[in-house]
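# Observations on the model geometry
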Amino acid sequence: MGFIKKNLVFCVFVLICVLVFGVGVFFAMSEAGKVKKSQRTFETSKNQLNSLLYANPAPTTANVEAAEQNVAKLIAALGAIRENLQRGSGLTTSSDGVSVMAGLQQFIFEHQKIVEAHENSEGIPAPILIPEEFGFGFEQYVDQTPPIEDSAKIAILDKQRQIVTYLVTQLIQSDPRSIDAIQREILEIEGESGFMIDDVVSARVPGAIDTMAYSLSFSGYTSSLRSFLNSLSKFDLPIVVRSISVERPSGSETVVSPGSGNNLDELFGIFGNDDSVESEMPQETQMPVIEENISNFTVVVEFIEVVLPDASNEELSDPA
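Residues numbered from 1 in each chain as written. Predicted model: local features only at pLDDT ≥ 70, side-chain atom pairs only at ≥ 80, totals over all residues. Heavy atoms only, no water.

Of the residues in the protein chain, 75% reach a pLDDT of 70 or more, and the chain-wide mean stands at 79. Within the protein chain, no element has a lower average pLDDT than helix H8 (residues 275-280), which sits at 42, and none a higher one than strand E1 (residues 178-184), at 97. Under a pLDDT of 50 for its full length, residues 252-290 has, in the predicted model, 64 contacts with residues more than four places off or in other chains. With pLDDT under 50 throughout, residues 311-320 is counted as low confidence; its partners more than four residues away or in other chains account for 8 contacts. (pLDDT = per-residue confidence, 0-100. Helix = DSSP H or I, 4+ residues; strand = E, 2+ residues; numbered from the N terminus. Contact = heavy atoms within 4.5 Å.)

A few words now on the pairing of strand E2 (residues 209-220). Burial within E2 is extensive, with 11 of its 12 residues counted as buried. One ladder, built from 6 bridges, connects E1 with E2; its direction is antiparallel. Residue pairing for E2: Ile 182 is matched across the bridge by Leu 216. By the bridge criterion, 12 bridges tie E2 to strand E4 (residues 295-306) in an arrangement that is antiparallel. (Buried < 20%, exposed > 50% of the residue type's maximum accessible area, 1.4 Å probe, protein only. Pairing = 2+ DSSP bridges.)

With 23 residues, helix H5 (residues 151-173) should reach 33 Å at 1.5 Å per residue; the first-to-last C-alpha distance of 33 Å fits that figure. A distance of 2.9 Å separates the backbone nitrogen of Ala 152 from a side-chain oxygen at the start of H5, and that oxygen is part of Asp 150. Looking one or two places after H5, you find Asp 175, whose phi comes out positive at around 60 degrees. (Expected span 1.5 Å × (residues − 1). Polar contact = N/O pair within 3.5 Å; in protein donor to acceptor, adjacent residues only side chain to side chain.)

Another aspect to go through is the packing of helix H4 (residues 97-116) against H5. Contact geometry for H4 and H5: axes closest at 10 Å, N-to-C directions at 15 degrees. Viewed along their axes, H4 and H5 adopt a mutual orientation that is roughly parallel. Where H4 crosses over H5, the two elements pack in a sense that is left-handed. Counting all contacts with H4, which are made through Gly 97, Val 100, Met 101, Gly 103, Leu 104, Phe 107, His 111, Ile 114 and Val 115, the residues of H5 involved are Ile 154, Leu 157, Asp 158, Arg 161, Val 164, Thr 165, Val 168, Thr 169 and Ile 172. Of the residues contributing to the contact of H4 with H5, the split by class is 11 nonpolar, 5 polar and 2 charged. (Axes fitted to C-alpha atoms, helices over the stretch in contact; angles between N-to-C directions. Parallel < 35°, antiparallel > 145°, perpendicular 65-115°, else oblique. Left-handed = near helix turned anticlockwise from the far one by under 90°. Nonpolar A, V, L, I, M, F, W, Y, C, P; charged D, E, K, R; others polar.)

Here you go:
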């Protein structure tokens, strides 16, 4: 203590130097840590850059421009697909349960009378046979039923009625001998699925393409089937034929046309040489043409709707 008192100024100076030295050591260590962290960041960035430079394709200006051109082509292709699938007339539906149910019963009643009074292309009376209490796919509504409360389900039922009206109109104009059954997917009644299309042949893609499937069974000559399919190929509504099955009559009077094979294109002559259509037809449905005999036909079709949002094109063209 005596030394400090005698040399107070010197001791204070030494103490200040020690404090300055300590502070200097602290800052030096801190800066060294920052330097090491910066070095690690630099090495990481360098490795990422090398990875990008050696990537295939590398993000060069030429490759970026090529990628942008490819995206533009994909957007154009998507637009063409959308336009193709949305061809034909659109449908306007109602969610008014009373009017929809009234329209459905009117459809059933009117078409029961239409098939009864049907005349063939030559103007000769040719009533089309239908089962008793036939509802053209809406047998649940042949008798008076209370309206459905769910407005969304009512709109679906109204859409199905419009689609079936179109299908039945085309089928009647093809002069079948009978309409034996029309099946649809029952979407408005909980726990009752009705007709279900095979996923293998369906065009349905969740979140992109929605469909409603129908099965129409009728009897007649091959010309009736050909006329019906030709009318659907006009695409007045976005309806696609998914499968065709033919039940041939049995007995000695069955006539098979000479040279007929197992190709539906050759049988009905409506699809041209489109291999894509042929590939969609199950092999077991490809049968020889039956001439001058009544055959039983079952045609499965799908009504197609694109459900992709319109904004998807913008999202593809502007990734940011």
